[in-house]
Amino acid sequence: MDATEERVLARADRLLAKHQWKTAVPMLKDLEDNSTGEDDDILLPRLAEALNGAGRFVESFDYIADNQSLFSDDLTSATTWLTAALGAGQFIDARVFIHNCPSSWHDSLMELVEEAEKKAHQTSAVSIKNQLKTFYHLGDKPVPDQSKLMAGGWKLPLADFVTGAKFLLRDPFTNALIRSNLIETLHQLDFDEEVKYLWIDQQEYTVNPARTNDLGDDNALNQAKADLKEQLRDDPILTVHLGSQLDMEGMLLYPQVGRVISDPHEWASALVASQQGKPIHNEKIKKWQEKLNHEIQSLSEQIN
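Residues numbered from 1 in each chain as written. Predicted model: local features only at pLDDT ≥ 70, side-chain atom pairs only at ≥ 80, totals over all residues. Heavy atoms only, no water.

A. Fine view of the overall build of the protein chain. Along its length, the protein chain carries 16 helices and two strands. When the backbone C-alpha atoms are referred to their principal axes, the protein chain occupies close to 70 × 50 × 40 Å. When each of the 304 residues of the protein chain is scored for burial, the buried share is 44%. Accessible surface, the protein chain as shown: approximately 16100 Å² in total, 48% of it carbon and sulfur. Mean positive and mean negative side-chain charge positions of the protein chain (30 and 49 charges, respectively) differ by 6 Å. (Helix = DSSP H or I, 4+ residues; strand = E, 2+ residues; numbered from the N terminus. Buried < 20%, exposed > 50% of the residue type's maximum accessible area, 1.4 Å probe, protein only. Areas by Shrake-Rupley, 256 points an atom, 1.4 Å probe, with all protein chains shown as cover. Lys, Arg positive; Asp, Glu negative; His and termini not counted. Charge placed at Lys NZ, Arg CZ, Asp CG, Glu CD.)

This is how it looks when you write it as structure tokens:
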């Protein structure tokens, strides 16, 4: 930030201190829009504060949705992020954000969410009902549209989201990636009840989402990634390619990754062998990788 920009920022700070939000917004937007991103930690919290104060919550959330780490240092900053999310009607995003905050903040932040959801039910009941209906029948749509409609489901209050999620988890027409994402989302919402879900083998299982792990914390998947990286240490391009495939396999197998990838080293070796045109000697791994490759290919064809 050069000297001129620092003077603009100082003036914007004076406006924020006086709660002159609308006047501060264009200054901060201009600074942020012309920034290379290096000053996001300085600009985005101020811009979000100004846009929230001006009642421009959707715009505020658009700027900060993917920058949660900049709002996790203190409760005031977390409240700024949460205010934007709730003002934009992003109830599930708001709850997932709280899940990732220090537990000592949870009660005060959750009060804001519950109050916003209650107000939404009072003032937008018809809209919520229609949104739930659309979410509920997500599986009736083509695969590319399912992902878009999934994003709409995150705008539902918790009770409505759970109602839709429980149905979709057992719907054979909902693609496997969305069912996996729903279980992980319920985990991030600390949803502590058993739910039934249709897995990739088309059999129905029961899981308590609160007692699972985030996919990124799955031991079997992470060990397979480490083994893959070691085996391909001299081929970084192939490492990235097969790493992406392994990520996709993990998403399709969640929340039962460890059941299938019971030997991460052998799984990684089989991935490499398949890529190099060599035989896979472990029949169980061979069958599972064939099944997963078929599923990935099918999803790719439906998307494209």
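Picking up where we left off.
B. Summary view of the pairing of strand β1 (residues 195-198). Bridge count between β1 and strand β2 (residues 204-207): four bridges; the pairing is antiparallel. Paired with V195 across the bridge in β2 is V207. Between β1 and the antiparallel strand that follows it, β2, lie five residues; Q202 among them carries a positive phi value of about 65°. (Pairing = 2+ DSSP bridges.)

C. Spotlight on a negative patch on the surface. Together, D107, E111, E114 and E115 line one region of the surface with negative charge. Within the secondary structure, E115 sits in helix α7 (residues 106-123). A residue is classified by how much of its surface remains accessible, and E115, at 58% relative accessible area, is exposed. (Patch = residues over 30% accessible without salt bridge, like charges linked within 9 Å, V, L, I, M, F, W, Y side chains within 5 Å. Salt bridge = Lys/Arg side-chain N within 4 Å of Asp/Glu carboxyl O.)

D. Quick look at unusual backbone geometry. The residue after Y254, namely P255, is reached through a cis peptide bond having omega 10°. Examined against the element boundaries, P255 turns out to sit in the loop between α13 (236-253) and α14 (257-260). The backbone of H19 shows a phi angle near 60°, a positive value even though the residue is not glycine. Along the chain, H19 falls in the loop between α1 (3-17) and α2 (21-33). The exposure class assigned to H19 is exposed, which follows from its relative accessible area of 54%. The phi dihedral of Q202 falls on the positive side, at around 65°, and the residue is not glycine. By the element assignment, Q202 lies in the loop between β1 and β2.

E. Examining the pattern of salt bridges more closely. Here the structure, examined in full by the defined rule, presents nine salt bridges. One salt bridge in this structure joins R56 and E59, with 2.9 Å as the shortest N-O distance. Overall, E59 belongs to the partly exposed group, its relative accessible area being 22%. Of the charged contacts in the structure, one is a salt bridge between E117 and R95, with a shortest N-O distance of 2.9 Å. Highlighted residues: E117 in helix α7 and R95 in helix α6 (residues 91-99), separated in sequence by 22 residues. Across the pair, R95 and E117 agree in class, each one buried. Linked by salt bridges that have partners in common, K29, R56 and E59 make up one network.

F. Fine view of the nonpolar core. F161, L182, L253, I261 and W267 are the most contacted members of the largest nonpolar core, which has 75 residues in total. With sequence-adjacent residues up to four places away left out, F161 is seen in contact with I92, F135, G153, W154, L156, L182, T185, L186 and L189. Among the nonpolar cores identified, the runner-up in size contains 15 residues, and V25, M27, L28 and L31 belong to it. (Core = buried A, V, L, I, M, F, W, Y, C linked by side-chain atoms within 4.5 Å. Contact = heavy atoms within 4.5 Å.)

G. Layout of empty space enclosed by the protein. By the definition in use, this model includes one cavity of 30 Å³ or more. Size it by volume and the largest cavity reaches roughly 50 Å³. Together, A176, R179, S180, I183, Y197, L198, W199, I200, L252 and Y254 line the largest cavity. Of all the elements in the fold, those that place two or more residues in the lining of the largest cavity are α11 (176-188) and β1. (1 Å grid on protein atoms, 1.4 Å probe; cavity = no way out; pocket = protein on both sides within 12 Å on 5 of 7 lines; lining within 4 Å. Points joined across faces, edges and corners; volume = space filled by probe spheres on them.)

H. Representation of the packing of α13 against helix α15 (residues 264-275). Packing of α13 against α15 leaves a shortest axis separation of 11 Å and a crossing angle of 120°. Relative to α15, the element α13 lies oblique. Crossing of α13 over α15 shows right-handed handedness. Packed against α13, whose contacting residues are L238, H241, L242, Q245, L246 and E249, the element α15 presents W267, L271, V272 and Q275 at the interface. (Axes fitted to C-alpha atoms, helices over the stretch in contact; angles between N-to-C directions. Parallel < 35°, antiparallel > 145°, perpendicular 65-115°, else oblique. Left-handed = near helix turned anticlockwise from the far one by under 90°.)

I. Fine view of α1. Taking 1.5 Å of rise per residue, 15 residues should cover 21 Å, and α1 covers 21 Å from first to last C-alpha, within 8% of that figure. All of the buried residues in α1 are L9, A12, L15 and L16. Seen along its axis, α1 keeps its buried residues to an arc of 115°; they face one direction. Exposed side of α1, more than 90 degrees from the buried face: R7 and A17 are the residues found there. In this structure, the buried side of α1 is in contact with α2 and α3 (40-53). Where α1 starts, the residue carrying a side-chain oxygen 3.2 Å from the main-chain nitrogen of T4 turns out to be D2. (Expected span 1.5 Å × (residues − 1). Arc of directions from axis to C-beta. Polar contact = N/O pair within 3.5 Å; in protein donor to acceptor, adjacent residues only side chain to side chain.)

The quantities given are spatial measurements derived from coordinates; they are silent on function.
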